[in-house]
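Coordinate analysis (summary)
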Amino acid sequence: MLTKLKMEPPQGIPSPDYHESDIVVERYLAELEESVPHVQLACSTQYCAFPLHGNQLCVWDTTSPLHQHLILQGHHHSITAMAFGNKLDPPLVCSASQDYVIMWNLDECRKKILQGLIPQGTVVGTLLGRVLCVRFDPHDHFVAVCAGNKIFMLDVEKHSVQVELQGHCGSVTAVEFCPWQAEVLISVSEDRSFKVWDHCMGSLIYSSSILTAYPLLSLLIHGESKQLVTGCADGQLQIFSLMEGHHYRRVACVDLRKKSETFSTRRGKPGPHRLPGGDQQLCGKKVDTEEVEAALPVLVLAHCALPHVPAAEHGITECVWIGSSIGLFVFNMASFELEADLYFKDFQGLSIQVAGSCAVMSDSVNDQAFCVLTSMFGSQIAVLEIRLSMLVCSQQCHQEGAVLSVLPSSCVLSTSPLHVGISKDKSPKPANQKRPAKQRVVEDRPLVFHTKVRSSGYASAPCVTMFSPKTNIKHDGKKFSKCKNNYKCEGYPLEGPVPRRPSRQVAVAPEPVAVSWIQYSGDGQRLACALANHLSLVFDASLKGTPAALSGHNGAVSTVCWSQDRRWLLSTAQDQTLRVWSARRAELVLLLGRDMFPKPVPSAQFYYMDTFMLVASGPDLRLLKIHLDSHRDEMKRYKPKSWCKAVFCRSMTGSANVTTLSAVNDFYSYLVLTAGRDRTLEVFDLNVGCSAAVITEAHSRPIHQICQNKGSSFTTQQSQAYNLFLTTAVGDGIRLWDLRTLRCERCFDGHPHCGYPCGLAFSPCGRFVACGAEDRHVRMLASSYIWEFQMSSPMDSLGPLHARIRISGFTAGQSLYSQDIVETVTDEHERLCCP
C-alpha cells in the first residue's frame, strides 16, 4: 500500500531561523509486504525507483508528484537491483532479479497505461544469479550487471551478453563507468579490492591490493578531479587518483566517523569566530556521551550539486553525497571535510531512523535533492525531499564582525600593543622648530675629541708607499652607484615552469647532521640553515664559497629567520635561548636566555617590519619590542647596545603549548597565526590585542608548520591571495586555508609523511607549493584555489634526492635540503639571483 504523508507542525524547532520542514520533508511512504533491507535503489534528475511487494517496480516522477505511479510487472522473483539510464530521451530504467534483467522505456510504459494496456519491458538477460548492482554506460548502449563474483556486459540492442568479466574473489558490490573513457569500467567487491577493466576488450587493466579489513560496498568516479572514491562497511573512504601517470595511487583515506565528530565539535565549540558552527545545537542535536555508537557503513556515493548559497559563496562545488545507515553527509572533495550532515533520528517527521539501503540525487537548478530509503528492520520505503541550501545554511556559522584579512584596513589603535612601535622621534618635526637653548651651549670638552683610542703604531713598520694611483680604470661613460650589488633586480616569472633540474649540492658538515630549517633572505642572495650540531650556517645563494658559521647555542638549532632589511638573523635552539646575529659581521647582537623564556622556544620571527619579535614559549605568544645595534664601544665591548622589552603576552585559548607561529613581516599586518599542541589553529589580532579566531581540530595531529603566502618584493599578487596559508602535520597531509572564510579550502595528500615532519613553502608567485617527503622526493603542487585549482594530489615530483626531505624553500630557483645535504633545484630559464 502506497500512502502520502502529511507533515505535522514540527516539535522542538532547532533554530529560530530554520524549521524542520524547511530542511527535509518525507513525501511518500510505502508499506511493503516483506522487508527489503539490502537492494540497489535508483534516483535520477526526474524519477525515483524502488521495489514494491517484491517483484514489482515502482517509478515515481519527482517533477510531477500528482501523476500516477508507474507499477511495472514482469519479474517472478524479488527485484534486487535497479538503475536509470544516463540520457533523458528516452528515459530508461533497468531492473534485475534472479530470473530476468529487464529494460523499461518509461515513455512507452506510460502510453500503454493510458491506453489501458499492461506495460512490458525488454528482457536483456536471464538466469544470471542474484544481482547486487546494475549500471548503464555513458551512452546507454551497455548495462553492467554484477552477479556473484562476475560482471556481465549486456548489449541493450542485441539483448545478449557481450563479455563476461571475472577476477574478483568475492561478490561484486558496485561498478562505475569512467565518464571520459567509456570503455573503462571499475568495480569493487567484498574481497576488499577494486579492479579496472576494459570491457570492450574484456581485459583487466589494473587490480589493487587489499585496501581494508571490511568489504567495499560502494564507489564513485568524480569527473572534475578525476578521482575514484570507494566506501566500505566500516565507514572508511579511500580516494585514488585516476590521472594519467599517477598509477591509481591513493590520495587520501577518510574516516567518516571521525569527520562527523570533528564537524559536530567545530559547530558546537564556543569562540569569537568559530569554524564553521556556533554555540547553538542545530537540528535538535544533543551531545550524549552515553549513547551507543552506531556503525556508519558507506551504502552509497553520489554526486552532489551544491548551490552557491551565502554560506558557500566562495565556490563549494566539488561535493559528494555519502549515504549511511543513520544519515546523509555532504562531503567536500577539495578539502576532504564535511559540509553538512543529516541524521534521520534528529527529525521527528521521518519514519525510517535506520536505513538498510539508500539512493540520493541532487538538482542544483531547483535547489533540492531526493533520497529513497529502505528500512533496516521494518518493511517500509520512504522518499525524502531535501532543501540543499537550507541544510547547508543551518549548519554554517556566519562570522561576527569584520572578515579577517592579512592586509590591514584601519590604523593602529592607541590601545594596541603595536602602538608602542610607533616612536615619537620618528614623527616629522616642523622645519622652523628651533632647538632648545640648552642644547646650543658650547660645553667644555677634553683635548682629545675622539671617543675611540687607537694604537699609535710605534711597534709596526713605517708605511713606505704613501699613495699608489690606479691608472687602469675604464669608465665607458657609465656612472657607478655607491651601493654595489652583485645581482640584477629582475621580476619573478609569473608564468614560468616548475623547477625540475638539480643544479648544485653541498654538504653542510663532514659528518651526517640534520638540517632542521632553512630560509632565504629577502633578496634571494643568502641562505640560512639551522643544524642539529648547534650551528647555523649562512650560504651564498649559489652554494659556492665557505659559509659563515654562527656558533653559541648549546642545543640543536630549530629555527632561523631573516629580518626584512636582511641585516639581522634570528635563531632559536633547544637550549631555550634566542639569539640575534649580525648577518654582515656574523657576530652576536642580542641574547635572550631562560630568564626571559622559562619554557622551550619552538618558533620565533621578526614582525611588523622588524619593529618587534614574535616568540612562542610554552602556551604563550610573546611580543617583544627590539632595538638592534651592532656598534660597540671599544672600551666597553662587553656592554651591548641592543635591547628588547616585552610589550604583550597572550596564552592560547586552550592553554596548550604553541608548536609553531607565522606572521607577515614584509609589510604591516596585524594578524598572527599560531598552532597548539591540542591540534587547534588560533588567529591573534595584535591591533586589538586579543584572539580573533579559533579553529578546532585543524588536523588529526599537532601542526608542525604554518606557511603563509607572503609573496615577494619581486612580484605582485592579488590582494586576496595573501589571505591563503598552509598547514601540515605528520601523517595528515597539507591543508590550504583562507582567512576570509576560516575554512579548509583544499587538502593535499599522497606524499609519504607518516613519521617525519616534512616542510613546505609557497612560491613567490603563489602558484606552486613545494613539500618534502620521506621517499626523498619533492612534490610540486598547484597552490591557489583562486586560479587553476583542479587537483589534490602532487602535480610533479623531483628526486630521488639523498635523504628524507624535511623543509623546502623557494627563491627564483627552488632550494631544498635534506638530512645532511643542501640542494638547489632550478629551471633552465630561471636565475638563482632573483628571489
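Every chain's residues receive numbers from 1 upward, in the order its sequence appears when written. The predicted origin of the model limits local features to residues at a pLDDT of at least 70 and limits the giving and counting of side-chain atom pairs to 80 or more, whereas totals for whole chains, interfaces and linings rest on all residues. For the side-chain quantities, the full set of heavy atoms in the structure was used; hydrogens and water were omitted.

Structural notes on the overall build of the protein
So the rule is basically this: Under the DSSP-based scheme used, a helix requires at least four consecutive residues in state H or I and a strand at least two consecutive residues in state E, with every element numbered from the N terminus. Only protein chains enter the area calculation, which uses a 1.4 Å probe; residues under 20% of their type maximum are buried, those over 50% are exposed, and those in between are partly exposed. Whether two residues are in contact is decided by their heavy atoms: any pair within 4.5 Å suffices.
The number of helices and strands found in the protein is 4 helices and 57 strands. Relative to its 835 residues, the protein shows a buried fraction of 54%. Long-range pairs, those at least 24 residues apart, make up 53% of the contacts in the protein with a sequence separation of at least 6.

With respect to the side chain of Ser582
Mapped onto the fold, Ser582 is located in strand β37 (residues 578-582). With near-sequence residues (within four places) excluded, Ser582 lies in contact with Arg567, Trp568, Glu587, Val589 and Ser630.

Some remarks on the sheet that holds strand β11 (residues 131-136)
We count it as follows: Paired strands, as defined in this entry, are two strands with at least two bridges between them according to DSSP. Structural elements are reduced to axes, namely lines fitted to C-alpha atoms, with helices fitted over the stretch in contact, and the angle between N-to-C directions of any two is expressed from 0 to 180 degrees.
On the basis of which strands lie adjacent, the open sheet formed by 4 strands has the order β11-β12-β13-β14 and antiparallel pairing. Both edges of this open sheet fall to β11 and β14 (160-166), since each of them pairs with a single strand only. The mean angle between the axes of side-by-side strands here comes to 20°, regardless of whether they run parallel or antiparallel. Relative to strand β12 (residues 142-147), β11 runs antiparallel, the two sharing 5 bridges. From the neighbouring strand, Phe136 faces β12, where its bridge partner is Val143.

Some details on the nonpolar core
Our working definition: Put simply, buried Ala, Val, Leu, Ile, Met, Phe, Trp, Tyr and Cys residues joined by side-chain atoms within 4.5 Å make one nonpolar core.
Residues Trp321, Leu342, Phe344, Cys371, Leu373, Leu384 and Ile386 are the most contacted members of the largest nonpolar core, which totals 29 residues. Apart from the residues lying within four places of it in its own chain, the contact partners of Leu342 are Ile23, Val24, Ile326, Gly327, Leu328, Phe347, Ile386 and Leu391. The next biggest cluster of nonpolar side chains, apart from the first, holds 22 residues, and it includes Leu301, Ile322, Met333 and Phe336.

Quick notes on the packing of aromatic side chains
Cut-off, in case you're wondering: Only Phe, Tyr and Trp rings take part, Trp by its six-membered ring, and two of them pair if their centres are within 6.5 Å. Stacked means planes under 30 degrees apart, edge-to-face means over 60, and tilted covers everything else. By definition here, charges over rings are those cases where NZ of Lys or CZ of Arg is within 6 Å of the ring centre and within 35 degrees of the ring normal.
One pass over the full model with this rule turns up 13 aromatic pairs. Considering the side-chain rings of Trp60 and Phe370, the 5.7 Å spacing of their centres and the 80° angle between planes classify their relative orientation as edge-to-face. Remark: Phe370 occurs in strand β28 (residues 368-375) and Trp60 occurs in strand β5 (residues 56-61); sequence separation between them is 310 residues. Residue Trp60 shares its accessibility class with Phe370, and that shared class is buried. Positioned over the ring face of Tyr343 is Lys345, at 5.9 Å from the centre of the ring.

What to know about the pairing of strand β41 (residues 620-627)
Most of β41 sits out of view: 7 of its 8 residues are buried. As judged from the 6 bridges shared by strand β40 (residues 612-617) and β41, these two strands associate in the antiparallel manner. The residue of β41 that forms the bridge with Met613 is Leu624. Hairpin connection from β40 to β41: 2 residues lie between these consecutive antiparallel strands, with Gly618 at a positive phi of about 65°. In the sheet, β41 pairs with strand β42 (residues 643-651) via 8 bridges, with the strands oriented antiparallel.

Some remarks on the pattern of salt bridges
The criterion, for reference: Criterion for a salt bridge: a side-chain nitrogen of Lys or Arg within 4 Å of a carboxyl oxygen of Asp or Glu.
Taken as a whole and judged by the stated rule, the model has 14 salt bridges. A salt bridge links Glu339 to Arg743; the nearest nitrogen and oxygen atoms lie 2.4 Å apart. Taken together, the residues Glu339 in strand β26 (residues 337-343) and Arg743 in strand β50 (residues 743-748) connect sequence positions 404 residues apart. Note on Glu339: relative accessible area 1%, which makes it buried. Through salt bridges that share partners, Lys259, Glu337, Asp732 and Arg735 make up one connected network.

Topic: unusual backbone geometry
Cis geometry is adopted by the peptide bond preceding Pro90, which originates at Asp89 and carries an omega value of -5°. Here Pro90 is to be found in the loop between β7 (81-84) and β8 (92-96). In this structure, His247 takes a positive phi of about 60° despite not being glycine. Among the secondary structure elements, His247 is positioned in the loop between β21 (236-241) and β22 (250-255). Judged by relative accessible area, which is 65%, His247 ranks as exposed. In the Ramachandran plot, Leu543 falls in the positive-phi region, its phi being about 60° despite a non-glycine side chain.

Re the environment of Val188
Within the secondary structure, Val188 sits in strand β16 (residues 184-189). With 16 residues separating them along the chain, Val188 and Val172 place their C-alpha atoms 5.9 Å apart.

A few points about the pairing of strand β29 (residues 380-386)
Burial within β29 is extensive, with 7 of its 7 residues counted as buried. Of the two faces of β29, the one lined by Gln380, Ala382, Leu384 and Ile386 and the one lined by Ile381, Val383 and Glu385 are each fully buried. Where strand β2 (residues 24-31) meets β29, 7 bridges bridge the pair, whose relative direction is antiparallel. Across the sheet, Ala30 pairs through a bridge with Ile381, a residue of β29. Strand direction decides the pairing type here: β28 and β29, joined by 6 bridges, are antiparallel.

Details of the confidence of the model for the protein
Which entries qualify depends on this criterion: Residue-level confidence of the predictor is what pLDDT reports, using numbers from 0 through 100.
With 75% of its residues at a pLDDT of at least 70, the protein reaches an overall mean of 79. Within the protein, no element has a lower average pLDDT than strand β56 (residues 814-817), which sits at 41, and none a higher one than strand β44 (residues 671-676), at 96.

A closer look at the sheet that holds strand β18 (residues 203-207)
Taken in spatial order, the 4 strands make up an open sheet running β15-β16-β17-β18, and their pairing is antiparallel. If you trace the sheet from one side to the other, it starts and ends with β15 (172-177) and β18, each paired once. Recorded for the sheet is a direction-independent mean angle of 25° between the axes of neighbouring strands. Both strand β17 (residues 194-198) and β18 contribute to a ladder of 4 bridges, which runs antiparallel. Within β18, the position partnered with Lys195 by the bridge is Ser207.

Regarding the environment of Asp367
In this fold, Asp367 is placed in the loop between β27 (355-363) and β28. For Asp367, a relative accessible area of 19% puts it in the buried group.

Considering helix α2 (residues 106-114)
Keep this limit in mind: Two N or O atoms form a polar contact when they lie within 3.5 Å of each other; inside protein one atom must be a possible hydrogen donor and the other a possible acceptor, and for residues adjacent in sequence the pair counts only when both atoms belong to side chains.
Capping the start of α2 is the job of one residue whose side-chain oxygen sits 3.2 Å from the backbone nitrogen of Asp107: Asn105. Where α2 ends, the next residue or the one after it, Gly116, has phi of about 85°, a positive value.

Quick notes on the state of the cysteines
By definition, a disulfide links the sulfur atoms of two cysteine residues through a covalent bond. The criterion, for reference: Note on terminology: pairs of cysteine sulfur atoms within 2.5 Å are recorded as disulfides.
Summed over the entire model, instances satisfying the criterion amount to 0 disulfides. Between Cys758, a cysteine without a disulfide, and Cys771, which holds the nearest cysteine sulfur, the sulfur-to-sulfur distance is 7.9 Å.

Structural notes on the side chain of Ser642
Checked against the element boundaries, Ser642 lands in the loop between β41 and β42. With near-sequence residues (within four places) excluded, Ser642 lies in contact with Val589, Leu590, His627, Leu628 and Asp629.

Focus on the environment of Gly74
Along the chain, Gly74 turns up in the loop between β6 (70-73) and β7. Judged by its relative accessible area of 35%, Gly74 is partly exposed. With 45 residues separating them along the chain, Gly74 and Pro119 place their C-alpha atoms 9.1 Å apart.

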